[in-house]
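# Secondary and tertiary structure notes
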Amino acid sequence: MLNTVYKEAIKNRDKILSVLKGPKYEQIVERAKQNWVEYTPKKQEAALCGIDSSFNSTKFQGMELWVVTGVGIQSNGIIVDELHRQGLGRVGLDIAKMASEMEVDICKKAVDVSDIVMMDGSLYSQFMTRQSGLTPEIVRIMKRKENVIFVAKTSNTNVQFKDLGSQAGDIFYYNHATNTPGFSRIFVDSEFGKDKMISSIYARLSDSTPLIKIELLGESHTDDEIKSILNRIYKTSVGGYPYALKLAHNNCKISGADLSKLVSLYGISNEIGSREVLE
């Protein structure tokens, strides 16, 4: 079966990929080039804090063993705050929301000891319905010192080229339009209302490194402010990505192996009738 799937993929590769680009691909890429501001960041000292969370779970006899962790850590390895919870409960517990709540709690502390607080992921996700209860809190924190940004290595946002019928996310077209250091012109999205405007840019810190997406709250941001942010995160970036966020990810990640150790510590065996009988 899989051999047939592979053969069909090779045969129809160009046809399938043409859907990704869409009929106005060249026009969209040209606009992305026009939106790009070439800028080589200059190293600037700053106290940076990266915040990330992780969660994992495994089912057991109708129950779910779960663990959630969150951490805020500076570029020099100093931990600003770390939180964790674990338990055994009914399947369906919203541990993703629990992880987001941890990130917000850590952010409250980080804003007072950091020049820039970098939250892993997207501000859009904080404003979505599933996590709407967190919205007022994160807005208050971001307005307190205006030093919180969201940083993501990937993005599904498809808003900047919609009028041209874009099929892929905006980041796809910027990746194909540029390979120089710099940033896209500030795009302001009012989808969530006047008090929750999201300003976003795509940025590249060094030649030919991956793009990152940076999101800020509010609409009154300038190119000079963006340049200042890039200068400060560039000094400790690795491969075009802020080192503090890499540290945060590595410190909080709950892998399948970690979960297996936890299962062993609790003395829980595999669920009878689990997927292993199919393999």
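We now turn to the structure provided with this report. (Residues numbered from 1 in each chain as written. Predicted model: local features only at pLDDT ≥ 70, side-chain atom pairs only at ≥ 80, totals over all residues. Heavy atoms only, no water.)

With that settled, consider the overall build of the protein. Regarding its fold elements, the protein presents 10 helices and 12 strands. Counting across all 279 residues of the protein, residues that qualify as buried make up 46%. If you take every contact in the protein between residues at least 6 apart in sequence, the share linking residues at least 24 apart comes to 68%. Looking at the protein as shown, the accessible area adds up to about 15000 Å², and 50% of this sits on carbon and sulfur atoms. (Helix = DSSP H or I, 4+ residues; strand = E, 2+ residues; numbered from the N terminus. Buried < 20%, exposed > 50% of the residue type's maximum accessible area, 1.4 Å probe, protein only. Contact = heavy atoms within 4.5 Å. Areas by Shrake-Rupley, 256 points an atom, 1.4 Å probe, with all protein chains shown as cover.)

Right, let's talk about the packing of helix H3 (residues 25-35) against helix H7 (residues 170-177) for a bit. Where H3 meets H7, the closest approach of the two axes is 8 Å, and the angle between their N-to-C directions is 75°. The pairing of H3 with H7 is recorded here as roughly perpendicular in orientation. Here Tyr25, Ile28, Val29, Ala32, Lys33 and Asn35 of H3 lie close against H7, whose contacting residues are Phe172, Tyr173, Tyr174, His176 and Ala177. For the contact of H3 with H7, the class distribution of residues is eight nonpolar, two polar and one charged. (Axes fitted to C-alpha atoms, helices over the stretch in contact; angles between N-to-C directions. Parallel < 35°, antiparallel > 145°, perpendicular 65-115°, else oblique. Nonpolar A, V, L, I, M, F, W, Y, C, P; charged D, E, K, R; others polar.)

Of note in this structure, Glu146 is not a glycine but carries a positive phi near 50°. Among the structural elements, Glu146 can be located in the loop between helix H6 (135-145) and strand E6 (148-152). Assessed through its relative accessible area of 70%, Glu146 is described here as exposed. Phi at Ser208 takes a positive value of approximately 60°, unusual for a residue other than glycine. Along the chain, the position of Ser208 falls in the loop between strand E9 (198-204) and strand E10 (212-217).

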